[in-house]
Structures are given as C-alpha cells and as structure tokens.
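Chain by chain, the residues run as shown.
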Amino acid sequence: MGFMDKLRDAFGRPPAKEVAKKRLQLILKYDRAGLPPNAVEAVKEAILKALEEFPFIDTSGVNIHITESENTKGKIEIEVPVRNN
Amino acid sequence: MADKVICITSGKGGVGKSTVTANVATALAMKGYKVVAIDADIGLRNLDLVLGLENRIVYDIVHVVEGVVPPEKALVKDKKTKNLYLLPAAQTKDKSAVKPEDLVKIVEELRDKFDFIFIDSPAGIEEGFKTAVTPADTIIVVANPEMASIRDADRVVGLCEAMQKPEPKLVINRLDPKKVARGDMLDVEDVLQVLSLDLLGVVPEDKNMVSYINRGEPAVLFEDSIAGKELRNIAERLLGKEIPIPKWTYSEGFLEKLKRLFGSE
Ligand SMILES: Nc1ncnc2c1ncn2[C@@H]1O[C@H](COP(=O)(O)OP(=O)(O)OP(=O)(O)O)[C@@H](O)[C@H]1O
Ligand SMILES: [Mg+2]
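Residues numbered from 1 in each chain as written. Chains lettered and ligands numbered in written order. Predicted model: local features only at pLDDT ≥ 70, side-chain atom pairs only at ≥ 80, totals over all residues. Heavy atoms only, no water.

Colleague: Sorry, what's going on with the overall build of chain B here?
Modeller: For chain B, the count of helices and strands is 12 helices and 8 strands. The C-alpha radius of gyration computed for chain B amounts to 19 Å, which stays within 12% of the reference 18 Å derived for 265 residues, consistent with globular compactness. The C-alpha extent of chain B, read off along each of the three principal axes, is 65 × 40 × 35 Å. Relative to all contacts within chain B whose residues are 6 or more apart in sequence, the contacts with residues 24 or more apart total 75%. Counting only carbon and sulfur atoms, one obtains 50% of the accessible surface of chain B, whose full area is about 12100 Å². Between the centroid of the 37 positive side chains of chain B and the centroid of its 42 negative side chains there is a distance of 4 Å. (Helix = DSSP H or I, 4+ residues; strand = E, 2+ residues; numbered from the N terminus. Rg over C-alpha atoms; globule rule 2.2 N^0.38 Å. Contact = heavy atoms within 4.5 Å. Areas by Shrake-Rupley, 256 points an atom, 1.4 Å probe, with all protein chains shown as cover. Lys, Arg positive; Asp, Glu negative; His and termini not counted. Charge placed at Lys NZ, Arg CZ, Asp CG, Glu CD.)

Structure, rendered in structure tokens:
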C-alpha cells in the first residue's frame, strides 16, 4: 500500500475487518437460504409490478427480506402495507 | 467417551486441518492417551509429512479397504511420541477408493484399542469429506479469519447438520494479532458473530510453523512455540478442562503506528 492509501485508511474509511464482517453476514444469509445474492431483488421487482394495479396498496412501503426458517432452507418475508385513506 | 472419534474438516483447502490433527493428536499421546490419526485425504497424502513418518509407511488405508491387511497391521507407530499411531492415506488412488462405510468399518475395528481416533478430512465438500465425517462423533471445523474460509466453514456446518451430525466445534487458525490490531483482519468476536459455533481454540499465526513441518516435528513438541501452546490447550479442552481462550489482542504503539504509516510494508 502506498502512503496515500494508508493515510486514507487511517482517517475515515471503516476498517477492512468491519467491511469483511458486514459482507460475510450478508453472503451467509443468502448461502444458507440457497439463494443467489440478487434473488431477493428480482422477487421484489416482480411483486411490485404485480401490485401496481391495486390502488389501495402503498408500493413504496413494500418491505422484503430473507429470514431463517425451521422447516425450509430459508424464508422470504414480504410486507405489503395498505394505504391509510 | 463421547469425543472419541474426531473428524477435522474445513471446506476450504490449506487452512490447517493436517496441522491441527497432527498437533492435537500428538499432544494427547504425550499425555499418555493412546491415539491414532487417520489420513482420509486419499490421493493427497500429507499427514505423514507433518508427523515426520513418511519413510516408515508400508501399507496404507486402501490396502486395508481391499482386505490386504487388517487396520492394525497398516498402522505406523510414531518413534518420537509414544502412544501415537498413523493410518496413512494412499498416495496413488483417488477419493472414491474409500467409501463412508469402509471408514466406518475401520473405525469400528480400531475403536476399542484407542482412546482417541482422529480423522484428517480432505478439503472440499464432496465424497471425501462425507467419508471423513461419517464415522465421527465430534467434528472440528478449522477456519482462518478470512472471508472465503469462513464462508466455506459455514457450508460445512450446514452439510454436517444435513447429515444429522452434532454441531461442529470451531478452531480459528492463523490469527495474526497485529493485523487484528490494525483492523485489517477479522477478530475472534467478528468470526463468532458470523459463524456462532462453540469455540474450541484460537491458534495464532506462527512464523516457525514451516520449519516444524519441514523437520516433521509437530509444534506441540516445542515449549516455546506460540501455536504449539494453543494446540496443547485444544487437546486439554477436548479432555474437558476449562482453559480460557486468549483474546489475542495487541495494541500498536505510537511509533509502530507511525512506522506503518510511513514505512513500506
Ligand atoms: N498457525 C499457523 N501459523 C503459520 N502457518 C500455519 C499455521 N497453521 C498452518 N500453517 C501452514 O499452512 C499450510 C497448510 O497447512 P495444512 O497442510 O495443515 O492445511 P490443510 O487444511 O491440511 O491443507 P489441505 O486442505 O491441503 O489438506 C502449511 O504450510 C502450514 O505450515
Ligand atoms: Mg491436509
């Protein structure tokens, strides 16, 4: 590493080990669920498209994430909020 | 004893399975337990080198499977360490030469004659791994504090669960306290947050390791080896002794910090 790189690492950038930990936590979530890393994005897009035709659904609030599951490899949870008015 | 047949595995290659196997087996034998180490890395024989026994091999595990000799006859007795025996892998055959049921049978035949049976697994998660893990009642996963190794370790844990084996215990190998202090390397806490396994030991990076292997003398034989000390502690923990695991923290001095910033390393 050159001096400027070291200086940048010493001031401001998060330490490499923190970056590694965050990346690993994400990777293992997908590995454990047996899903490729952008699978959730793809599912989300498809669902958003399908929900567009329902005016009572607030598509901007759709929340989607992977969680662990007892009976299957993993579970994709989707929250679909209904509009207030 | 529940922890009698112990398989050492990792997923990723080169992380220290054979080193941990040879050293922990030697440490237990030094304490008077009768120990056999089985090299299950068929085709890539290695454990004999770490133990310095390569010149004394006559028969190997494939001869046993083929019925040429009974398991006891193929064992190589360690000269330096009393009570320690090696069942060597074959160097010329491939992984399919020993099937899970073959290794189960060999372990059953040796079980009553030994206090501990170690199985050094090949890298990977295919046949050879499954064969090595099948007879074990305790599994140790070795990982380096490094991304690919941890990811592979997690795969192995999942596969062990699918094989209905008890959850593996973790040995972190080659932790470098200086790199941890600089924030360059994952520390013990980080690894445990990601893997959440029972921690059996943390073996530090030891610059003398290559020379121990070159001489065929395991690190545990040397009082002053930093890795050897932790490897002896792992043996004690397998015996049920509660020995605290060192945190391996290191604080960089001010001068050292400056030197790192301006130096060329
Ligand atoms: N704590 C340590 N400090 C320094 N070097 C180490 C340490 N542990 C292992 N090594 C080195 O790492 C290399 C690989 O170790 P080893 O052969 O035990 O790995 P392995 O997991 O059995 O590999 P394989 O997957 O090929 O069977 C060796 O050269 C060894 O000297
Ligand atoms: Mg090996």
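Colleague: What's the story with the packing of aromatic side chains in this structure? I'm lost.
Modeller: Centre-to-centre distance and the angle between the planes together describe a pair of aromatic rings. In total, this model carries 5 aromatic pairs over all chains according to the counting rule given. Each residue in the set Y33(B), F116(B) and F118(B) is aromatic and connected to the rest through ring pairs, giving one cluster. (Phe/Tyr/Trp six-rings, centres within 6.5 Å; stacked < 30°, edge-to-face > 60°.)

Colleague: What should I look at first to understand the pattern of salt bridges in this one?
Modeller: Side chains bearing opposite charge may pair, as long as their charged atoms lie close to each other. Across all of its chains, the model carries 19 salt bridges over all chains by this definition. D48(B) is the salt-bridge partner of R45(B), the closest N and O atoms lying 3.4 Å from each other. Ionic pairing is found between R232(B) and E223(B), a salt bridge with its closest N-O pair at 3.9 Å. Because the salt bridges share partners, they merge into one network encompassing K17(A), E18(A), K21(A), D187(B) and D190(B). (Salt bridge = Lys/Arg side-chain N within 4 Å of Asp/Glu carboxyl O.)

Colleague: Help me understand a nonpolar patch on the surface, please; the structure alone is not making it clear to me.
Modeller: The grouping of F3(A), M4(A), F254(B), L255(B), L258(B) and F262(B) at the surface amounts to a nonpolar patch, some 700 Å² of accessible area in total. Of all the elements in the fold, those that place two or more residues in the nonpolar patch are α1 (3-10) of chain A together with α12 (254-262) of chain B. If you tally residues by element for the nonpolar patch, the top one is α12(B), at 4 residues. Structurally, the position occupied by F262(B) is in helix α12. (Patch = residues over 30% accessible without salt bridge, like charges linked within 9 Å, V, L, I, M, F, W, Y side chains within 5 Å.)

Colleague: Sorry if this is basic, but what is going on with the packing of helix α1 (residues 17-30) of chain B against helix α11 (residues 226-238) of chain B here?
Modeller: Two quantities define a packed helix pair, namely the angle between the helix axes and the distance between the axes. Residue and element names in this part refer to chain B. Remark: α1 packs on α11, axes separated minimally by 8 Å, with the N-to-C direction vectors making an angle of 65 degrees. In this structure, α1 crosses over α11, and the sense of that crossing is right-handed. Mapping the contact onto sequence places V20, N23, V24, A27 and L28 in α1 and L231, R232, I234, A235 and L238 in α11. Here the residues of the contact of α1 with α11 sort into 8 nonpolar, 1 polar and 1 charged. (Axes fitted to C-alpha atoms, helices over the stretch in contact; angles between N-to-C directions. Left-handed = near helix turned anticlockwise from the far one by under 90°. Nonpolar A, V, L, I, M, F, W, Y, C, P; charged D, E, K, R; others polar.)

Colleague: Please clarify how the interface of chain B and chain A should be interpreted in this entry.
Modeller: Taken residue by residue, the interface counts 19 residues in chain B and 17 residues in chain A. Of the roughly 1700 Å² buried between chain B and chain A on both sides combined, carbon and sulfur atoms contribute 60%. Considering only the surface of chain B that becomes buried against chain A, M147(B), V194(B) and L261(B) emerge as the three largest contributors, covering 36% of it. Linking chain B with chain A are 5 salt bridges, by the criterion used here. A salt bridge links K17(A) to D190(B); the shortest N-O distance between them is 3.0 Å. At the junction of chain B with chain A, the criterion picks out 9 residue pairs in polar contact (both at pLDDT 80 or more). Those elements that place two or more of their residues in the side of chain B that touches chain A are α7 (147-162), α9 (188-195) and α12 of chain B. (Buried area = accessible area lost by both parts, 1.4 Å probe. Polar contact = N/O pair within 3.5 Å; in protein donor to acceptor, adjacent residues only side chain to side chain.)

Colleague: Would you mind showing me how to read the layout of surface pockets here?
Modeller: Empty space among the atoms becomes apparent when a probe as large as a water molecule is rolled across them. Size it by volume and the largest pocket reaches roughly 920 Å³. Taken together, 30 residues make up the lining of the largest pocket; nearest its centre are R32(A), K73(A), D154(B), G158(B) and E161(B). The element that contributes the greatest number of residues to the lining of the largest pocket is α7(B), accounting for 8 residues. The residue makeup of the lining of the largest pocket, split by class, is 11 nonpolar, 8 polar and 11 charged. (1 Å grid on protein atoms, 1.4 Å probe; cavity = no way out; pocket = protein on both sides within 12 Å on 5 of 7 lines; lining within 4 Å. Points joined across faces, edges and corners; volume = space filled by probe spheres on them.)

Colleague: Even after reading the chapter, I still don't get the site of ligand 1, so can you show me in this structure?
Modeller: Residues and elements named next belong to chain B. Around ligand 1, 17 residues are found, and the nearest of them are G14, K17, S18, T19 and D206. In the model, an oxygen atom of ligand 1 is placed 3.2 Å from a nitrogen or oxygen of the R174 side chain. In this structure, P204 approaches ligand 1 through a main-chain N or O atom, which is 3.0 Å from a nitrogen atom. When isolated, ligand 1 has an accessible area of 630 Å², and the protein chains bury 80% of it. Broken down by secondary-structure element, the contributors of at least two residues to the shell around ligand 1 are α1, β7 (169-175), β8 (198-204) and α10 (209-215). (Near = heavy atom within 4 Å.)

Colleague: What am I meant to see in α9(B) here?
Modeller: Those residues of α9(B) lying buried are V188(B), D190(B), V191(B), V194(B) and L195(B). Within α9(B), the buried residues cover an arc of 160 degrees as seen down the axis, which keeps them to one side. Buried residues in α9(B) make contact with α2 (16-33) of chain A together with α7, β7 and β8 of chain B. Of the residues flanking the start of α9(B), the one acting as N-cap is D187(B), its side-chain oxygen 3.1 Å from the backbone nitrogen of E189(B). Looking one or two residues beyond α9(B), the residue adopting positive phi is S196(B), at roughly 40 degrees. (Buried < 20%, exposed > 50% of the residue type's maximum accessible area, 1.4 Å probe, protein only. Arc of directions from axis to C-beta.)

Such coordinate-based values are descriptive only and should not be taken to indicate function.
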